[in-house]
Number of protein chains: 2
Amino acid sequence: MEGVDHLAHERSKTQFDVDEMKIVWAGSRHAFEVSDRMARLVASDPAFRKDNRVMLSRKELFKNTLRKAAHAWKLIIELRLSEEEAGKMRSFVDEPAYTDLHWGMFIPAIKGQGTEEQQQKWLPLAYKMQIIGCYAQTELGHGSNVQGLETTATFDPMTDEFVIHSPTLTSSKWWPGGLGKVSTHAVVYARLIADGEQHGVHGFIVQLRSLDDHMPLPGITVGDIGMKFGSGAYNTMDNGVLRFDHVRIPRNQMLMRVMQVTREGKCVQSYVPRQLIYGTMVYVRQTIVADASSALSRAVCIATRYSAVRRQFGSQDGGLETQVIDYKTQQSRLFPLLASAYAFRFVGEWLKWLYTDVTQRLQANDFSTLPEAHACTAGLKSLTTSATADAIEECRKLCGGHGYLSASGLPELFAVYIPACTYEGDNVVLLLQVARFLMKTVSQLGSGKKPVGTTAYMARAEDLLQCQCSVKEVEDWLKPSVILEAFEARALRMCVARAQSLNQFPNPEEGFAELSADLVEAAIAHCQYIVVSKFIEKLKQDIPGKGVKEQLQILCNIYALNLLHKHVGDFLSTGCITPKQASLANDQLRSLYSQLRRNAIALVDAFNYTDHYLGSVLGRYDGNVYPKLYEEAWKDPLNDSVVPDGYHEYVRPMLKQQLRNARL
Amino acid sequence: MEGVDHLAHERSKTQFDVDEMKIVWAGSRHAFEVSDRMARLVASDPAFRKDNRVMLSRKELFKNTLRKAAHAWKLIIELRLSEEEAGKMRSFVDEPAYTDLHWGMFIPAIKGQGTEEQQQKWLPLAYKMQIIGCYAQTELGHGSNVQGLETTATFDPMTDEFVIHSPTLTSSKWWPGGLGKVSTHAVVYARLIADGEQHGVHGFIVQLRSLDDHMPLPGITVGDIGMKFGSGAYNTMDNGVLRFDHVRIPRNQMLMRVMQVTREGKCVQSYVPRQLIYGTMVYVRQTIVADASSALSRAVCIATRYSAVRRQFGSQDGGLETQVIDYKTQQSRLFPLLASAYAFRFVGEWLKWLYTDVTQRLQANDFSTLPEAHACTAGLKSLTTSATADAIEECRKLCGGHGYLSASGLPELFAVYIPACTYEGDNVVLLLQVARFLMKTVSQLGSGKKPVGTTAYMARAEDLLQCQCSVKEVEDWLKPSVILEAFEARALRMCVARAQSLNQFPNPEEGFAELSADLVEAAIAHCQYIVVSKFIEKLKQDIPGKGVKEQLQILCNIYALNLLHKHVGDFLSTGCITPKQASLANDQLRSLYSQLRRNAIALVDAFNYTDHYLGSVLGRYDGNVYPKLYEEAWKDPLNDSVVPDGYHEYVRPMLKQQLRNARL
């Protein structure tokens, strides 16, 4: 049956131009072209095989990752790939590796926090991978609270050096990727002590291992922190532990763009504004949102295709059973996730624009939009990563029992994705930051200070506090203005109610602590409004291609109305809509699912994922699931022999009632 | 620091008698004593070590499980353990193994579906483990739809045999635990064909492997289906694939308690009522609910202890930071899960009673309560397993980054638990069954047929449709009658509204399909009501022990009010409560969290779990987390050598710019 497209019938029903949708998904024709070329390059190279990953022991797995990273680097050099192409290629190799941290954290840290001189010294070495670096911030005892880091960097004016030291067990650096076994260097974050005084946490370039024989340098204890969630998954990464015993580095290895330590040990603030650091945060979080849409769309692609292949129940006469994608219970769980994938894609695209905007303003010394941009990216990072983690697991469940097999690809996708909810800011901590910003915004509403950016709608507080949803029949819920106003009113009213509750506390900080769980809910309402509004904005653009915009319109409505349904308590308790209107929204939602059904397969085809990248028997493009599942099973090492290892020692004596004599 | 109790301060604050609570949790003094003794037996035996499990290759892992199963069996014989003790011991070994299916499915199937004669022949062999059996029902193409199974058992009157055959690829048996590598026998479910006609799906005892050399018998293809979610976890189990090529078995190996095939090939219904099968289902699902409370309580125990150890933020002057358990955001996520663990424990206890009740009635030919009991257990199985799966992952997130380490125990607990959402009835399919029963119950409300058991409240439909919640201040939400009525009214009104919507469809089946997602929501509302009501009933009992009942009262209120908060949309849209009352419930919930805080550690101590059973560095009884995490890390195979395997081939050539010459 090789070569037969079992989903051809599904594809023949498509009502839009899939090739044009691929370009919308990729962001531009250029982006599509690069992405498509790199995906094929990786998929066609047997060196990047990954179907055996879950069966490898930790050591084999790790060695295999080292091999792939070297192979990728060789290709990058030989094919003279651009930075964009190289980045895309690495993402399609689809395996966490030390190179992620080298390119994604070590180099950006030096670029962002190093002086011109430091950049000129270190970047060429790093670009050529003559040194390999990681980003050593978190410690055994400290993650979210960066200011609580315990590692010290004490300036010694006698020798013009810093002494890097781990004073306690909990000060051990813990988690940095690439640290455990590979990195030769690290940007280490430590409390600066100079002149007997503390000067906050700063970054220091520290060499960890000899460039000759890779042995740790004197005073340095370094290793891997052990197995993590799942098989394969993030265990390809050498997340590490690192301790310093009075390790000395030259003064010029402190990253001094923002603050300098002089030869005499004086700390001098530079002319560079500290806010620059927020620009970097906006950048990193924007990439995380883009990654969320990638991970989510992979899971959705697998679950959607398999839901069209899988049939269960519904046949009385021995004929074909019903495709599970035709059940409303399946649709009501799956289609909102498909809609979310597109929604996150577009909000990620918008965040790219936001980063450019913020950067330009920073260069012009305009810091006015920074707090709002910072809150907005924090919130969207939290919202999209949490939703994606849950969605991957939901997609696994939507694949029934077979979703539990590693061959479905979903267990590993889940295990490898979920750290995104924790790194670069724990998702709950981030929402509290958003809430704090929103409470400040609300408190200033009367003051004449106009809310900017994604909080601009709050300027219409008076209207939004008293507006009445105009929906009278199901079709009314298709009007973007109606949806938008409902989300604006809900978010605003929740924020205002929380602000009023806060005001009843004599001590604002105590009030914030006491009400924090409720404040998180308000922050989520605001962030959901942002995603909905950016999807609606996207649809105001000119989008070419037959039927493309119509499909996106359906997805947008599903995204919004499903959120409304899930959080209907918010909308009702704030009086934004009535129970009757909620019920109409639900009716509309069901109707939208029916409309989407016909194009579901084409909408996941538009992600343009290769079977290699998907890494899922259930999600195969050709839908040829069962024969391939059967084939895969025999590859398990347990099937190397018909009678398993251990039978003679542990099973036969039991069957033969000879256990008493057996050596166990 | 060995021997120091880092949580002693927490324990000193306890306001109730923990030893008495342990007995409440266990169900009785006897149950506590057995459980405690077996837990210690397993924990103290190095043969049951499991901390290295996630690092083993599939083959090593599986062989290790065979060893443990044999060792356990040896102990059971040597110590002459009772069935109860043996069962407890196996559960504390805490590793899925073929014995689970042998004792839990193969033997019960023969007991439930075999004739007296068949039981006398097969059970003694099985009890002594002279044969090992599994339960071969699901196929590659069929899980939920048992009637759609494709395997055939054709009676051949010439030889007085059945011919067992797999006519298609999708008819391959797929998933049965213990099948892949160990079982010598199986109860195989197949379509009975006799006299040229189909007679439905029945069970057949089929020998799979030689008792001499363990080789598969002629016509039988059998193997393992490959890796599943996670490392360690369910990969200790040989879930299998099985194909038959015209395998012949004697006629008397069809399980004939309910229907017999005569020598002439006639099918004869026996006097035994088919409903007996539902009795077994009630039994199995009751054990699943009990298991849910065990898995959930383990996760909660880990997260609660670690939340008291972990400190982050909140210190201005270098002093101790705030324990994360003191943050309201942490409490509002963690404490409802702690409450759920107790809630599920008590509803599980009640299900045990229900099973006894159903059994007695069946014996007296009283089938009147069976449909309700069946719906109720289906719903509770679905509710508790879904909630537990989500809760384990939530507990992992509550442990921050370190929860992602295998050493936290939570990744493996999640991976090993989640199949419970799928086996013995997919959770969504089960809720649809509940919904169907509820719709029937509602439709009969006017007919004089009184709803029984957990649906008895529906008899008060008229009241419940118009009652008004009496809550005026926060304290009112502590009244059991108020809570109960709110949950009754919500469930009833949702059911009635769905029934009315259904009535608008000319074809009821089409209506049921179209509205199925909404029907699932009504079923959930009903099931949540059951759990709340059984918790409240439990508290009407006499519960000895200082402060024990007070703590359970707090947990009960947290369980109910948190559900109300999470599903407030249901309560508001059905007019059961007002927004103001919802807000008061939320205020009460915060106050309950504060009350629970002080006893949180003692409440998880009451589960009486050994450190061995918990299998978590984060959840250690003594709270000595950081030194042990540090110690664990070095045990990873990657740390066997300072310079990793692969450095010379794949890292050094890169650093030295000699990659072009390297062999990759």
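Residues numbered from 1 in each chain as written. Chains lettered and ligands numbered in written order. Predicted model: local features only at pLDDT ≥ 70, side-chain atom pairs only at ≥ 80, totals over all residues. Heavy atoms only, no water.

Q: Is there a simple way to think about the overall build of chain A in this case?
A: Counting its regular elements, chain A contains 23 helices and 11 strands. Its C-alpha radius of gyration of 27 Å places chain A within 12% of the 26 Å reference for a compact globule of 664 residues. Dimensions of chain A, computed from the C-alpha atoms along their principal axes, are close to 90 × 80 × 60 Å. Looking at chain A as a whole, 62% of its 664 residues are labelled buried. For chain A, long-range pairs separated by at least 24 residues make up 73% of all intrachain contacts whose partners lie at least 6 apart in sequence. (Helix = DSSP H or I, 4+ residues; strand = E, 2+ residues; numbered from the N terminus. Rg over C-alpha atoms; globule rule 2.2 N^0.38 Å. Buried < 20%, exposed > 50% of the residue type's maximum accessible area, 1.4 Å probe, protein only. Contact = heavy atoms within 4.5 Å.)

Q: Could you clarify how one ought to interpret the relation of the copies chain B and chain A in this entry?
A: A rotation about an axis combined with a shift along that same axis relates the two copies of the chain. When chain B is fitted to chain A, the residual RMSD is 0.0 Å, and the transformation amounts to a turn of 180° plus an axial shift of 0.0 Å. The transformation just described matches what one would write down for a two-fold rotation axis. The fraction of interface residues of chain B whose copies in chain A are also interface residues reaches 100%, indicating that both copies meet through the same surface. (Least-squares fit on C-alpha atoms with pLDDT ≥ 70 in both.)

Q: Mind showing me how you'd approach the interface of chain B and chain A here?
A: Many descriptions give the size of an interface as the accessible area lost when the pieces come together. On the side of chain A, 127 residues touch chain B, which itself brings 127 residues to the contact. Between chain B and chain A, a total of about 11,500 Å² is buried, with carbon and sulfur atoms accounting for 65% of that surface. For the chain B face of the interface with chain A, the top three residues by lost area are F229, Y404 and L638 of chain B, together amounting to 7%. Inspection of the chain B/chain A interface yields 14 salt bridges. Taking the shortest distance from any N to any O, the salt bridge between K63 of chain B and E649 of chain A comes out at 3.4 Å. Scanning the region where chain B abuts chain A turns up 61 residue pairs in polar contact (both at pLDDT 80 or more). (Buried area = accessible area lost by both parts, 1.4 Å probe. Salt bridge = Lys/Arg side-chain N within 4 Å of Asp/Glu carboxyl O. Polar contact = N/O pair within 3.5 Å; in protein donor to acceptor, adjacent residues only side chain to side chain.)

Q: How do you make sense of the sheet that holds strand β8 (residues 240-244) of chain B when you look at a structure like this?
A: For sheets, the rule is that strands pair by backbone hydrogen bonds, running either parallel or antiparallel. Residue and element names in this part refer to chain B. With antiparallel pairing, the three strands of this open sheet are ordered in space as β4-β8-β7. Each having just a single partner strand, β4 (173-174) and β7 (220-224) make up the two edges of the open sheet. In this sheet, β8 lies alongside β7 in antiparallel orientation, the contact comprising five bridges. Note that in β8 the partner of D224 across the bridge is G240. (Pairing = 2+ DSSP bridges.)

Q: Quick question: what am I supposed to make of the nonpolar core here?
A: Within soluble globular proteins, side chains that are nonpolar generally end up buried alongside one another. The biggest cluster of nonpolar side chains holds 399 residues, and the ones touching the most others in it are Y342 and W477 of chain A together with Y342 and W477 of chain B. Not counting residues up to four positions away in its chain, the partners in contact with Y342 of chain A are M21, W25, F535, L552, L555, L603, A606 and F607 of chain A. (Core = buried A, V, L, I, M, F, W, Y, C linked by side-chain atoms within 4.5 Å.)

Q: Which parts of the structure should I look at to understand the pattern of salt bridges?
A: If charged atoms from side chains of opposite charge come close, those side chains can pair. Taken as a whole, this structure holds 90 salt bridges over all chains when the rule is applied. Of the charged contacts in the structure, one is a salt bridge between R460 of chain A and E488 of chain A, with a shortest N-O distance of 2.8 Å. Here R460 of chain A is found in the loop between α12 (427-443) and α13 (461-466), whereas its partner E488 of chain A is found in helix α14 (residues 480-503), with 28 residues between them in sequence. Given a relative accessible area of 7%, E488 of chain A falls into the buried group. Here D357 of chain B ties to R361 of chain B by a salt bridge, and the two come within 3.0 Å at their closest N and O atoms. Here the residue D357 of chain B and the residue R361 of chain B both occupy positions in helix α9 (residues 328-363), the gap between them amounting to four residues, near one helical turn. Its relative accessible area of 15% is what places D357 of chain B among the buried residues.

Q: Any chance you could explain helix α8 (residues 276-309) of chain B here in plain terms?
A: Here α8 of chain B is 34 residues long and its end C-alpha atoms lie 51 Å apart, about the 50 Å a rise of 1.5 Å per residue gives. For α8 of chain B, a buried count of 25 out of 34 residues is recorded, marking the element as mostly surrounded by other parts of the structure. (Expected span 1.5 Å × (residues − 1).)

Q: Got a minute to help me understand unusual backbone geometry in this structure?
A: Glycine aside, the phi torsion of most residues is negative, and most peptide linkages are trans. The backbone of N365 of chain A shows a phi angle near 55°, a positive value even though the residue is not glycine. Among the secondary structure elements, N365 of chain A is positioned in the loop between α9 (328-363) and α10 (370-398).

Q: Hey, could you run me through the UniProt feature "domain: Acyl-CoA oxidase/dehydrogenase middle" (unreviewed entry) in chain A in this one?
A: Under the feature "domain: Acyl-CoA oxidase/dehydrogenase middle" (unreviewed entry), the UniProt entry names residues 134-236 of chain A. Structurally, residues 134-236 of chain A comprises 0% helix and 40% strand, and the distance from its first C-alpha atom to its last is 15 Å. (UniProt positions renumbered as here; feature names shortened; annotations may be inferred.)

Q: Explain the packing of aromatic side chains here, please?
A: Aromatic ring pairs are defined here through the distance separating the ring centres and the angle between the ring planes. On inspection of all chains with the given rule, the structure shows 52 aromatic pairs over all chains. When the centroid spacing of 6.3 Å and the interplanar angle of 50° are considered together, the rings of F229 of chain A and F229 of chain B count as tilted. Here F229 of chain A is found in the loop between β7 (220-224) and β8 (240-244), whereas its partner F229 of chain B is found in the loop between β7 and β8 on a different chain. With respect to burial, F229 of chain A and F229 of chain B carry one shared label: buried. (Phe/Tyr/Trp six-rings, centres within 6.5 Å; stacked < 30°, edge-to-face > 60°.)

Q: In this structure, what is going on with the packing of helix α8 (residues 276-309) of chain A against α9 of chain A? I would like to understand it.
A: For any two helices packed against each other, the geometry is given by the interaxial angle and the distance between the axes. Residue and element names in this part refer to chain A. At a minimum axis separation of 8 Å, α8 and α9 run at an interaxial angle of 160°. The orientation of α8 with respect to α9, classified from their angle, is roughly antiparallel. The way α8 lies across α9 gives a crossing that is left-handed. Along the lines of polarity and charge, the residues of the contact of α8 with α9 split into 18 nonpolar, 10 polar and two charged. (Axes fitted to C-alpha atoms, helices over the stretch in contact; angles between N-to-C directions. Parallel < 35°, antiparallel > 145°, perpendicular 65-115°, else oblique. Left-handed = near helix turned anticlockwise from the far one by under 90°. Nonpolar A, V, L, I, M, F, W, Y, C, P; charged D, E, K, R; others polar.)

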